[in-house]
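Residues per chain, in single letters:
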Amino acid sequence: MSLHTVYLPDLSDRTSEVVIGGDEAHHAVRVKRLVVGDELGFADGKGRRAIAKIAATEKTRDGWVIRASVTEVRDVARPSPELTVLASAPKGDHLATMIDGLAQQGVRAWSPLLSRRTVVDPREHKLERLERVAIEALKQCGGAWLLEVHPAVRLKDALGMPGVIMADASGEAWQGPAPAKATLLIGPEGGWDPGELADAGRAGVRVARFGGLTMRTEVAAVVSAAIVML
């Protein structure tokens, strides 16, 4: 059974005791049913993980509090290849679904991609909410590196990024390995404009397909990222 993981951005190799409260403590005690003697995992999202043993739990006026003694701290290598996904944002909750999946795959970063047929351009408050989705995904999968959520990138700028791979049904079936640092481009629901595919060709971008069926943007992003990172 995997450890219940708590996000702790200020985790250091000198951390010996951790005190948590609020929703994190409530979830651990009331939902996960963790008790004194059980172990907790901690991740800082920057490559460091720790294991701690619960020394005490206390119900206070403000809610549950957990005190845990750290037994191990280790640094975890970033998943390879280092993959950045630039994907047009789908509507509604589909975007959060995409971020959750990319984070669980160990993708380094995501930015909304602005192409000619892009419909959604997430604003700053939306991106902040997606950062919280990425944190929850980090806790869920027991990872050490937090998916970075960045502002939007226009396709013309994306074509010049490192190791660009454009996902499209017109390309050859993907065959790895990917470059050590790669950028995966996922288009909008309406697909790429023919002129954009032509621009990609002139820029020397590799166009590849990642399956024989047409997938929704959020599915295509996660599936393609998983294949590239194999």
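See the structure printed just above.
Residues numbered from 1 in each chain as written. Predicted model: local features only at pLDDT ≥ 70, side-chain atom pairs only at ≥ 80, totals over all residues. Heavy atoms only, no water.

Asker: Quick question: what am I supposed to make of the pairing of strand 3 (residues 39–43) here?
Answerer: Side chains on a regular strand alternate between the two faces of the sheet. Extensive coverage of strand 3 is indicated by the burial of four of its five residues. Note: strand 1 (residues 5–7) against strand 3, three bridges, orientation parallel. The partner of Tyr7 across the bridge, within strand 3, is Ala43. Of the pairings in the sheet, the one linking strand 3 to strand 4 (residues 48–60) comprises five bridges and is antiparallel in character. Counted as the bridge partner of Leu40 is Ala52 from strand 4. (Buried < 20%, exposed > 50% of the residue type's maximum accessible area, 1.4 Å probe, protein only. Helix = DSSP H or I, 4+ residues; strand = E, 2+ residues; numbered from the N terminus. Pairing = 2+ DSSP bridges.)

Asker: Please explain the layout of surface pockets as it appears in this structure.
Answerer: A probe as big as a water molecule, rolled over the atoms, marks out the empty space that is left. There is about 450 Å³ of room inside the largest pocket. Lining the largest pocket are 20 residues, with Ala167, Asp168, Ala169, Thr214 and Met215 positioned closest to its centre. Elements with a minimum of two residues in the lining of the largest pocket: strand 10 (164–173) and helix 6 (217–228). Per-class residue counts for the lining of the largest pocket are nine nonpolar, seven polar and four charged. If you trace the second largest pocket, you find 14 residues lining it, with Ser2, Leu3, His4, Thr5 and Lys32 closest to the centre. Sorting the residues of the lining of the second largest pocket by element identifies helix 1 (22–31) and helix 3 (124–141) as the ones contributing at least two each. (1 Å grid on protein atoms, 1.4 Å probe; cavity = no way out; pocket = protein on both sides within 12 Å on 5 of 7 lines; lining within 4 Å. Points joined across faces, edges and corners; volume = space filled by probe spheres on them. Nonpolar A, V, L, I, M, F, W, Y, C, P; charged D, E, K, R; others polar.)

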